[in-house]
Amino acid sequence: MTMVRGDINEAGQAATKAHEQARDHLMPHFTKGAAWRNNLGVINRAHGCYVYDTDNNEYLDGLAGLFCTNMGHGRADFAAIAAEQMEQLAFYPTWGWANPPAAEAAAMIADFAPGDLSEVFFVNSGSEAVESALKFARNYHLSRGDSARHKVISREWSYHGTTLGGLSVTGVPKFKEPFAPMLWEGTRHVRNTFGDTADELASAKAIEDMILAEGPETVMAVFAEPVQNGRGGLVPPEGYWPELRRICDKYGVLLVADEVICAFGRFGHWFASERFGVVPDIITFAKGVTSAYQPLGGMIARQGLVESIWESPAGAYMHGSTFGGHPVATAVAVANMKAMRDEGVLQHVLDNEAGFRARLDGLMTTSPVVSDVRGLGYFYAMELVADSETGTELSDTQRAGLQGGVLNQFCRDAGLLIRPDDRGATMLVVSPPLVADSDVLDDIAGRLAIILDNTKEWIARNN
Ligand SMILES: Cc1ncc(COP(=O)(O)O)c(C=O)c1O
C-alpha cells in the first residue's frame, strides 16, 4: 500500500499521541519508571513472528510475547471467530450455566490432557490458574476430612504468578520480599533441578525430605513446572517426574504441574507432562491456549478429585470469577487448538528443536560470553559470563550493568525481543512463536550474534 503525505502525517500524529498517553497515564508491568519515561516504545502491529513499533522499526518476537503468541501474529481467522462469537453470545457467566465455546474448549483440552485429567476450570490468567489449583487442592483434602493439609512445596527460583497465593508459592526472592508480611506462611521451597543427575535425583529427594520434615499429614501439594523458567531452562533429569509422582502418591500429596508456559506446544506436545512421562493430579495452563488472541487460563483436574468435592457435604468447589469460561476467549481457544492440530505445529516443533538448539550451541562455541545453553523444544536460556574460556564470572558491577538495562538495549538495537533474565544468573531467554521456521530461526541466531558481540565488547570496556 502506498502512503500519501496526508496519511503519513496522520499516522505520525497518532503515534505521538499514543506515546504521550502511555507515558502520562499507562502504568507498565515490572518496568522501572525511569525506563518507561525515557525509553518507552509503542508496538502497534504484528505479523507472523515479527512486531512493529510506531516508528516502523521491525522486531523479531523472540519470546512469543511472553511465551504465548504460539501460532504467531495476525491470524484473521481467529479474529473472525471472535467477532462471530461476540455477535452470537458475547457473554454469560459460567455460574450454573454453560455456553457452547466453553464446553467445546473444555472437551478438547480434556481430550489432549494426559491420563484421566478430564475436568477443566477456566479463569483469565496464569496467576489465577495457580490460585485456582491451590484452592482446589485445599477443597479436595477437606472433602476427605484431611483438614490439616494446607502446605505447599515448590522449588527455588520458580515462578508461579503474582497474586498473593501464587506469589507465596513462587521462589524468586526479589518478587516476594516487598510483600513478605502479606504472604501465606504455608509454603516451603526446596532445591530445583539445576545440576541434578539422573542417578541421584537430589532435587526429588529434597521434596520427599521436606514432606517428611513438615509431616505428610500437613502437606497439600507439590507445585513444579515441567521445565523451569526461573534459573534458566531447567530440563529435569530422566526419571525426575515419575519420581515426584511416586513420592506424592506415597504421602497422599497432590502433584501439580504448572504448565502456564509449557503447555500447548512449547515442547512439541499439548502438555509437557506427556513428554516427561507423568500424569499429574492437576495441570495449570494459560498463555498458549489462545496463542494470546484472548486472555484465558485454567486448570485441569483428575475426575476423581472433582467427584470427591462434589460428593462431600460442601458439594461445590468454592471458587470462581466473573469472566471464567468467557465465550469469546474460549471460542478463540477452540480455533487456536484446531489450528495447532490441523497445521501440525507440535510436530513442527519436534522437527525443528534440534536445529534450533544447534544454532544456539554454535553461538556458544563462537562467543566467549556464553557459558551454557539449556532448554528443549522452542524454549532456551543462554547463561552469560565474562569469559567462558578462562572461567571468569561477571563481576558484580558488570552483572548490575548488564541486567540494569544494557542487555535490554542491545536486544532492542538488534531488533530481537527476548528476555534478559537475572533469576539466579545473567541469562538471555529465547522462546519464539512455535510457527517459527528455519528462516526465522536463522534470523534469531543472526540477531543473537550481534547482541553477544556487543555484550563482549561492553564487558571488555567495563572490566
Ligand atoms: C509457570 C508460570 N505460572 C504462572 C504464571 C503467571 O501467569 P500470568 O502472568 O498470566 O498471571 C506464569 C507467567 O509467566 C508462569 O510462567
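Owing to the predicted nature of the structure, the values given are computational and were not obtained by experimental measurement.

Trainee: Any chance you could explain the overall build of the chain here in plain terms?
Mentor: Broken down by element type, the chain carries 16 helices and 14 strands. Here the chain has a C-alpha radius of gyration of 23 Å; the compact-globule value for 463 residues is 23 Å, and the two agree. In terms of principal-axis extent, the alpha carbons of the chain reach across some 70 × 60 × 45 Å. At a minimum sequence separation of 6, the contacts of the chain that also span at least 24 residues come to 72%.

Trainee: How should the sheet that holds strand β8 (residues 254–258) be read in this particular structure?
Mentor: Strands pair in a sheet through their backbones, by hydrogen bonds, and they do so in one of two ways: parallel or antiparallel. Ordered by their spatial adjacency, seven strands build an open sheet running β4-β10-β9-β8-β7-β5-β6, and the pairing between neighbours is mixed. For this open sheet the edge positions go to β4 (117–123) and β6 (187–190), each flanked by a neighbour on one side alone. The average angle at which neighbouring strand axes cross in this sheet is 20 degrees, direction not considered. Two strands pair when backbone bridges link them, and β8 and strand β9 (residues 282–285) are joined in this way by three bridges, in the parallel orientation. If you follow D258 over to β9, its bridge partner there is T284. Running at roughly 145 degrees to β6, helix α9 (residues 202–214) makes contact with β5 (151–155), β6 and β7 (219–224) of the sheet.

Trainee: It is not clear to me how helix α10 (residues 240–251) should be interpreted in this structure. Could you clarify?
Mentor: Residue pairs three or four apart in sequence face the same way in an α-helix, which turns once every 3.6 residues. Helix length check: α10, at 12 residues, gives a terminal C-alpha distance of 17 Å against a target of 16 Å (1.5 Å per residue), a fit within 8%. All buried positions along α10 are accounted for by Y240, W241, E243, L244, R245, I247 and C248. On its buried side, α10 packs onto α9, β7 and β8. Following α10 by one or two positions, G252 adopts a phi angle in the positive range, close to 70 degrees.

Trainee: Help me understand the pairing of strand β1 (residues 43–47), please; the structure alone is not making it clear to me.
Mentor: Put simply, side chains in a regular strand alternate between the two faces of the sheet. Strand direction decides the pairing type here: β1 and strand β2 (residues 50–53), joined by four bridges, are antiparallel. Each residue of the ladder has a partner; that of A46, found in β2, is V51. Turn length for the β1-β2 hairpin, with the two strands adjacent in sequence and antiparallel, is two residues, and the turn residue G48 shows positive phi of about 60 degrees.

Trainee: Help me understand the packing of helix α15 (residues 396–413) against helix α16 (residues 438–461) in this model?
Mentor: Between two packed helices, both the angle of their axes relative to each other and the distance between the axes serve to describe the pair. Where α15 contacts α16, the axes come no closer than 11 Å and their chain directions differ by 145 degrees. As α15 packs across α16, the resulting crossing turns out to be right-handed. Here α15 contributes Q398, V406, L407, F410 and C411 to the contact with α16, which in turn contributes I451, N454, T455, W458 and I459. Tallied by class, the residues present in the contact of α15 with α16 amount to seven nonpolar, three polar and no charged.

Trainee: So what exactly am I meant to see when it comes to the site of the ligand here?
Mentor: Near the ligand lie 13 residues; those nearest to it are S125, G126, S127, G161 and V260. Sorting elements by how many residues they give to the shell around the ligand places helix α6 (residues 126–143) first, with three residues. Each residue belonging to the shell around the ligand can be placed in one class, and the counts come to five nonpolar, six polar and two charged.

Rules of the game
- Residues numbered from 1 in each chain as written.
- Predicted model: local features only at pLDDT ≥ 70, side-chain atom pairs only at ≥ 80, totals over all residues.
- Helix = DSSP H or I, 4+ residues; strand = E, 2+ residues; numbered from the N terminus.
- Rg over C-alpha atoms; globule rule 2.2 N^0.38 Å.
- Contact = placed C-beta atoms within 7 Å.
- Pairing = 2+ DSSP bridges.
- Axes fitted to C-alpha atoms, helices over the stretch in contact; angles between N-to-C directions.
- Expected span 1.5 Å × (residues − 1).
- Buried ≥ 20, exposed ≤ 12 C-beta atoms within 10 Å, placed from the backbone.
- Left-handed = near helix turned anticlockwise from the far one by under 90°.
- Nonpolar A, V, L, I, M, F, W, Y, C, P; charged D, E, K, R; others polar.
- Near = placed C-beta within 6 Å.

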